[in-house]
Amino acid sequence: MESLLSFVQANALVVSAAILIFAYFFIATEKIPKVTVALFGASLTLLFGLLEHSAKIDGEINKFYFINYVDFNVIFLLVSMMIIVSIATRSGMFNWIANEMMIKTKGHPKTSLFLLALFTAIASAFLDNVTTVILVMPVTFAITKELDLNPIPYLITEVLASNIGGTATLIGDPPNIIIGCAAGFTFMDFINELTGIVAIIFAVVVVLMILWFKKQLKTTPEKMARIAQMDNSKTITDKWLMVRSIIVLSLVIAGFVTHDVTHIQTCVCAMAGASILLLFEKPADILHDVEWNTIFFFVGLFIIIGGFEKAGGIELMAKWLIDITHGSQSIASMVILWGSGILSGIIDNIPYSATMAPMIHEIALAKGAEFAAPMWWCLSLGACLGGNMTIVGAAANVIVSETAMAKGYQIKFMEYLKYGIVVTMISLALSSVYIWLRFLT
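What you are looking at is a predicted structure, and each value in this text was computed from that prediction instead of being measured.

### Overview of the overall build of the chain
The number of helices and strands found in the chain is 22 helices and two strands. Scaling as 2.2 N^0.38, a compact globule of 441 residues should have a C-alpha radius of gyration of about 22 Å, and the chain matches this with 23 Å. Counting only C-alpha atoms and orienting by the principal axes, one finds that the chain spans roughly 75 × 50 × 45 Å. A total of 441 residues make up the chain; the buried ones form 53% of that total. Considering only contacts in the chain between residues 6 or more positions apart, those separated by 24 or more positions represent 79%.

And the structure:
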């Protein structure tokens, strides 16, 4: 055993890189649950001594202690927002909003598609994408059934809208949470830098999808009238819960927005909001809804990447990127944007972002924060928008696909791909123009 540990210590970079690569492989192939892969890789990282097990050595704080590599800002923000959304959902408020929007469209198929996509995009900016599509799918199936339409055009558009909308804010998509915590960006930084380009991309994509599906978006006046007369009066199941949820959610978002003044971390605002709502609930019931698989996946992944970082792998990657781009900020930014967009369509964008964030941090240390600034936004745009490329590119895509299959509507991989590739390429092209004009000219 001692000889094995000696070998690992002598070849820490190779061993940590091998663990990371194998973890990526099994996460991408999905043959083993990704939380299992992440925790197994983390355990190997610790067993091989790639990170330290003790918080202190000889009374001194140990900076290589493995817990130091787990970003608890990310963990607590995710858990807290999951709790808030779970409680708020029980009131029926989100379904009420979606239904009310449908009534306003008077059942017009194209207008319904646009408003469902808009609701999905806006909700995804403040809730996680999976929660948003879970909320909007029952409404979608109900409306398309009333209109006697194929729900697949609606579902595909909602998937695209969820990933686009989630790009706009710090809490909209897990890669942004990782990037925000690593770069020190605030909620308003994301709003200021990304909301404009995300709105443009959303408008272009939805118009494109309406044109693409226009032959399938036709129904009769009688069926449209039934939607216009929908009874939405009983959708809210608990008015006091809705009021509490709206107040707390508004205060939490206000805390995010005023970070530059209060300097209170986003995870603290979210934790405070979650704890207030939990005062009126049975915690065991609510905590059951938290996606613990996702949380422990993050923990395991942070430890794996921590081992690679301690061994010097992240610093090596940063130097390599600077070398191949000859120190050009413009080329490096475009490589990160397009590379992130394409790779995130193939592999899960969470581990990809968790690996790239420390690399850009190293570039910032080597070349300065101003030099690295556009690269953070390129990573965000690429990783989030790239999730639209394939049906397995993001968790929301998989949820929609599996739910549609259970309802008897199959979204085939290749069928989705023809939409996903076009939308992703357009999104990345628009993002390139924005990054160039905003940061590189």
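There is more to say, and it comes next.
### So, the packing of helix α4 (residues 72-89) against helix α14 (residues 266-278)
Taken N-terminus to C-terminus, the directions of α4 and α14 make an angle of 35°; their axes are 8 Å apart at the nearest point. Regarding α4 and α14, the two cross each other, and that crossing is left-handed. Only T266, C267, A270, M271, G273, A274, L277 and L278 of α14 make contact with α4, whose side of the interface consists of N73, F76, L77, S80, M81, I83, I84 and I87. Residues that form the contact of α4 with α14 fall into these classes: 12 nonpolar, four polar and no charged.

### A few points about the packing of helix α2 (residues 12-29) against helix α3 (residues 34-47)
Close contact between α2 and α3 brings their axes to 9 Å; oriented N to C, the two are set at 170°. On the basis of the axis angle, α2 is roughly antiparallel to α3. Here I19, A23, F26 and I27 of α2 lie close against α3, whose contacting residues are K34, V37, G41, L44 and T45. Residue composition of the contact of α2 with α3, by class: six nonpolar, two polar and one charged.

### A word on the packing of aromatic side chains
Taken as a whole and judged by the stated rule, the model has 15 aromatic pairs. Consider the rings of F213 and Y419, whose centres lie 5.1 Å apart with planes at 50°: the pair is tilted. In this pair, F213 sits in the loop between α10 (187-212) and α11 (221-228) while Y419 sits in helix α22 (residues 413-439), placing the two residues 206 residues apart along the sequence. On the accessibility criterion, F213 (2% relative accessible area) is buried. With 6.4 Å between their ring centres and 65° between their planes, F297 and F298 make a pair best called edge-to-face. Take F297 and F298: they sit in the same class, and that class is buried. Grouping aromatic residues by their ring pairs yields a cluster made of F185, F190, W376 and W377. Lying across the ring of F297, K34 places its NZ or CZ 4.9 Å from the centre. Across the ring face of F141, the terminal group of K407 is positioned such that the distance to the ring centre comes to 5.5 Å.

### Concerning a positive patch on the surface
Taken together, K110, K214, K215 and K218 make up a surface patch of like positive charges. Of note, K218 is situated in the loop between α10 and α11. K218 sits in the exposed class, given a relative accessible area of 62%.

### Concerning the nonpolar core
One finds M81, I156, F256, I363 and I411 to be the most contacted residues of the largest nonpolar core, which totals 136 residues. When residues of this core are assigned to their parent elements, the largest contribution, 11 residues, is made by α10. Those residues in contact with M81 that sit more than four places away from it in its chain are F126, I171, L249, V252, F256 and A270. Counting nine residues, the second largest nonpolar core, distinct from the first, contains V85, A88, M93 and L127.

### Let's talk about the confidence of the model for the chain
Summary statistics for the chain give a mean pLDDT of 86 and a share of 98% for residues scoring 70 or more. Mean pLDDT across the elements of the chain bottoms out in helix α1 (residues 2-10) (72) and peaks in α10 (95).

### What to know about a nonpolar patch on the surface
Residues L39, L287, W292 and F296 make up a contiguous nonpolar surface patch of roughly 340 Å² in combined accessible area. By secondary structure assignment, the location of L287 is in helix α15 (residues 283-287). Given a relative accessible area of 32%, L287 falls into the partly exposed group.

### Some points on the environment of I87
Here I87 is to be found in helix α4. A relative accessible area of 0% means that I87 is categorised as buried. For I87, the residues in contact, after removing those within four places along its chain, are L241, S245, L277, L278, E281 and I286.

### A closer look at helix α7 (residues 129-147)
If you check α7, its first and last C-alpha atoms are 26 Å apart, about what 19 residues at 1.5 Å a residue would give, namely 27 Å. Of all the bends in α7, the greatest, near 30°, is centred on V136, and the proline P138 appears no more than four residues after it. With 14 of its 19 residues buried, α7 lies for the most part within the structure.

The rules behind these values
Residues numbered from 1 in each chain as written. Predicted model: local features only at pLDDT ≥ 70, side-chain atom pairs only at ≥ 80, totals over all residues. Heavy atoms only, no water. Helix = DSSP H or I, 4+ residues; strand = E, 2+ residues; numbered from the N terminus. Rg over C-alpha atoms; globule rule 2.2 N^0.38 Å. Buried < 20%, exposed > 50% of the residue type's maximum accessible area, 1.4 Å probe, protein only. Contact = heavy atoms within 4.5 Å. Axes fitted to C-alpha atoms, helices over the stretch in contact; angles between N-to-C directions. Left-handed = near helix turned anticlockwise from the far one by under 90°. Nonpolar A, V, L, I, M, F, W, Y, C, P; charged D, E, K, R; others polar. Parallel < 35°, antiparallel > 145°, perpendicular 65-115°, else oblique. Phe/Tyr/Trp six-rings, centres within 6.5 Å; stacked < 30°, edge-to-face > 60°. Lys NZ or Arg CZ within 6 Å of the ring centre and 35° of its normal. Patch = residues over 30% accessible without salt bridge, like charges linked within 9 Å, V, L, I, M, F, W, Y side chains within 5 Å. Areas by Shrake-Rupley, 256 points an atom, 1.4 Å probe, with all protein chains shown as cover. Salt bridge = Lys/Arg side-chain N within 4 Å of Asp/Glu carboxyl O. Lys, Arg positive; Asp, Glu negative; His and termini not counted. Charge placed at Lys NZ, Arg CZ, Asp CG, Glu CD. Core = buried A, V, L, I, M, F, W, Y, C linked by side-chain atoms within 4.5 Å. pLDDT = per-residue confidence, 0-100. Expected span 1.5 Å × (residues − 1). Bend = angle between axes of the 7 residues up to and from the residue.

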